[in-house]
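Next come the chains, spelled out residue by residue.
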Amino acid sequence: MYLLSLIKSAIFDLSRNKLRAFLTTLGIIIGVLSVVLLIAFGLGLKQYIADQFNSLGSNLVFVLPGQVFNRSVGFTNLRTSFSFDEKDFNSLKKVKLSEVLVPVFQKGSTVRALGKEEITTLYATTEEIFKARNLIPVKGKIFEKKDIDKKAKIVVLGYEVAEKIFGNIDLAVGEKVRIENQTFKVIGVLESKGGGGFGAPNFDRFIYIPYKTIFNILGKKNFSSFLLQAKSESEIENLKSEINKILIKRYNKDDFSVADSKEVLQTIQSIFTVLNMVLVGTGAISLIVGGIGIMNIMYVSVFERTREIGIRRALGALEKDILLQFLTESVILSVLGGVIGLILSYLLSLVIRIFFPVIIDGLAVIMALFVSSFIGIFFGVFPAQKAAKLSPIEAIRYE
Amino acid sequence: MIKLVKVCKKYHIDDGVDFIALKDVSLEIKKNEYTAIIGPSGSGKSTLMHIIGLLDKPTKGKVFINEKEVSQMNDNQISKLRNKFIGFIFQQFNLINKLTVLENVLLPVLYCREKLSFNPEKRALELIKRFNIDGKENSYPNKLSGGQQQRVAIARALVMDPPIILTDEPTGNLDSKNGEIVLSLLEKLNKEEKRTVIIVTHDLEIAKRTKRIIKIKDGQIV
């Protein structure tokens, strides 16, 4: 009955001045909204990156130049000048734990046709790339092993490249395009992988050419990376150490990295996590400002109700009773703000989801409610204490 | 029942200037007494009432309620004593306008943490009926006449069944008819219900109706 009467009295007092209560709550609503949505953005982004990675093949192990990935620091010591050669390709062929070995020479390149130009990422590689990365042609076909040996001037286009140049991907296959000042025949267009953005590569803007063809044209025999695939997730570590043993014979420890997709994923995600934390922290400031708003209005409320406090004290209310009465009000204000903020975040997330993946998880919901009630208590306790400490006789005399 | 021994009350006004409201006041009010404390405004009678009513603490001296010294008690103990032992009736009624009549009457029950020997709701409704305000249980005080409001206040003062009724100018805001109703009620509370009733007033006519008059002037009993 006591608690019920506290809540009833608090709701009554708040509803007497609805506009004031609403404006006070608004600070908390905006704070919770921004924190919950920013967390949702962060989680959505993480999930999005993970999905992108998974769609590009599982259990992949990358051999990259330099000390690219470092779990504790993130990206470091990126050595773009370093590259691998055919000797490395041949020695990695001895790796037993991998079903595939894909050498990649990667460079930015312009594709020209029908008077149009598209800047793309050129992948000079083998036919195994398509299997390892789950790349499926929607039109035409992919190249084969014999095309590599023949140094055939053929190209498989990413979906977006084909679409941009030919307008319709149906028109691309069989057409001629100019790449690196040579004429190539388009033999296939790959299924769209979507994605890109946020610093992640857009695989729909990639083009694939047999590596020997490109080596022949550029007069180069360097690889920028190798892609291997473990038979199962549990084999990844063994595969990595096998690769390491081979490459360490020729290079220093710092010259190359052997990373699995999970590691790459974690590194990218850790960067976004830090970024997200900074954003959430900024959002949290608005929660604090909201809390100060509550404190301010509670002081006004104590002042307005001095006489009521006096009456209650005269009738036997303890300091604690008065404290709880005002604290209940501030907690109701802030929790109400928290709940409204949550509902609004949910509704907004439904709209945002059309353009961007956002995930509101249970933890964010619990956090929002916990933090908003904490703010109610923290910022409510000072005015409530002031009310509780009023001398009954001075309060009752107050006009 | 109530005993004051050499009670002084000083107020700090400002710049070290003190106002002495009560000077060495000693008095004893026994059980079942019907007493008036009378004096002109500024005489210290309100301060005296606040000290008797445990709303204020003396600067010096001792206050005993049922032989227990109040100055030794902490705020919680004093608040509980106020809740159980003293029923207040104020000149301004001091009802809480956002609470209904019934809720106002039940307010002291809210702050009593002990198990009551009676059903408070039933008792409140009985009191409301007794004071002819039945039908108004769910009305708000500002919708009632002054006389009705004061009767709600009396019901509230009685809901905890306190042995002491302390009133401050209880008829001050009422017309003579309603004033008479209140005064005869107070008389009944003393005579029939054997409660100790103390009326603080400046009106000699009212004081004359009690059994004992304590006159106060310039903070001293005369």
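Residues numbered from 1 in each chain as written. Chains lettered and ligands numbered in written order. Predicted model: local features only at pLDDT ≥ 70, side-chain atom pairs only at ≥ 80, totals over all residues.

Participant: If you had to explain the sheet that holds strand S8 (residues 196-201) of chain B to someone new, which residues and values would you point to?
Facilitator: All names here are of chain B. Strand order in the open sheet formed by six strands is S6-S7-S8-S3-S9-S10, with mixed pairing between adjacent strands. Sheet topology places strand S6 (86-89) and strand S10 (220-221) at the edges, where each strand pairs with a single neighbour. Across four bridges, S6 lies against strand S7 (residues 164-168) in parallel orientation. Residue pairing for S7: Gly 87 is matched across the bridge by Ile 165. (Pairing = 2+ DSSP bridges. Helix = DSSP H or I, 4+ residues; strand = E, 2+ residues; numbered from the N terminus.)

Participant: Give me the lowdown on the packing of helix H5 (residues 146-158) of chain B against helix H6 (residues 176-191) of chain B, citing residues and values where you can.
Facilitator: Residues and elements named next belong to chain B. Look at H5 against H6: their axes get within 9 Å of each other, and the N-to-C directions meet at 15 degrees. Classified by the angle between their axes, H5 and H6 sit roughly parallel to one another. Crossing geometry of H5 relative to H6 is assigned as right-handed. Across from Gly 146, Gly 147, Gln 150 and Ile 154 in H5, the residues of H6 making contact are Asn 178, Ile 181, Val 182 and Leu 185. (Axes fitted to C-alpha atoms, helices over the stretch in contact; angles between N-to-C directions. Parallel < 35°, antiparallel > 145°, perpendicular 65-115°, else oblique. Left-handed = near helix turned anticlockwise from the far one by under 90°. Contact = placed C-beta atoms within 7 Å.)

Participant: Could you give me a rundown of the interface of chain A and chain B, with the residues and numbers involved?
Facilitator: Often, the extent of an interface is quoted as the loss of accessible area upon association of its parts. Across the boundary between the two partners, chain A contributes 15 residues, which contact 18 residues of chain B. Listing elements by their share of the side of chain A that touches chain B, those giving two or more residues are helix H1 (2-16), helix H10 (306-314), helix H11 (319-352) and helix H13 (392-397) of chain A.

Participant: Go over helix H6 (residues 159-166) of chain A, please, and point to the residues and values.
Facilitator: Note on helix geometry: an α-helix contains 3.6 residues per turn, so any two residues three or four positions apart are oriented the same way. All names here are of chain A. Judged by how many residues are buried, H6 sits mostly within the fold: six of eight residues are covered. By the burial criterion, the buried members of H6 are Tyr 159, Glu 160, Val 161, Ala 162, Ile 165 and Phe 166. In the segment just after H6, Gly 167 is the residue with positive phi, at about 75 degrees. (Buried ≥ 20, exposed ≤ 12 C-beta atoms within 10 Å, placed from the backbone.)

Participant: Provide a residue-level description of the domain arrangement of chain A, including the pertinent values.
Facilitator: Domain boundaries assigned for chain A yield domain 1 (2-51 + 268-397) and domain 2 (58-260). Between the C-alpha centres of domain 1 of chain A and domain 2 of chain A the distance comes to 52 Å. (Domains from an automatic or database assignment.)

Participant: Help me get a handle on the confidence of the model for chain B, residues and values and all.
Facilitator: Residue and element names in this part refer to chain B. On average, residues of chain B score 91 in pLDDT, and 100% of them reach the 70 mark or higher. No element of chain B has a lower mean pLDDT than strand S1 (residues 2-14), which averages 89, and none a higher one than strand S3 (residues 34-38), which averages 95. Our summary of model confidence lists the complex with pTM equal to 0.71 and ipTM equal to 0.92. (pLDDT = per-residue confidence, 0-100.)

Participant: Outline H5 of chain B, listing residues and values.
Facilitator: All names here are of chain B. Between its terminal C-alpha atoms H5 stretches 19 Å, which fits the 18 Å expected from 13 residues at 1.5 Å a residue. Summarising burial for H5: 11 of the 13 residues are buried, a large majority. Along its buried surface, H5 packs onto S6, helix H3 (101-110), helix H4 (120-130), S7 and H6. (Expected span 1.5 Å × (residues − 1).)

Participant: Run through the confidence of the model for chain A, naming residues and quoting values.
Facilitator: Model confidence for chain A is summarised by a mean pLDDT of 84, while 93% of its residues fall at 70 or above. Ranking the elements of chain A by mean pLDDT puts strand S3 (residues 74-75) of chain A last, at 49, and H10 of chain A first, at 93.

Participant: Any details on unusual backbone geometry? Residues and values, ideally.
Facilitator: All names here are of chain A. The backbone phi angle of Leu 114 is positive, close to 50 degrees, even though this residue is not glycine. Tracing the backbone shows Leu 114 in the loop between strand S5 (98-113) and strand S6 (116-125). Leu 114 sits in the exposed class, given 11 other C-beta atoms within 10 Å. A positive phi angle, close to 50 degrees, is found at Glu 180, a residue other than glycine.

Participant: Explain the nonpolar core to me, and be specific about the residues and the numbers.
Facilitator: Residues Val 32 and Val 36 of chain A together with Ile 37, Val 105, Ala 155 and Val 159 of chain B are the most contacted members of the largest nonpolar core, which totals 115 residues. In terms of residues, this core owes the most to one element, helix H2 (residues 18-55) of chain A, which gives 15 residues. Discounting chain neighbours no more than four positions away, the residues touching Ala 155 of chain B are Val 105, Ala 124, Leu 127, Ile 128 and Phe 131 of chain B. Counting residues in hydrophobic clusters, the runner-up holds 59 residues, among them Leu 92, Ala 132, Ile 209 and Tyr 211 of chain A. (Core = buried A, V, L, I, M, F, W, Y, C linked by C-beta atoms within 7 Å.)

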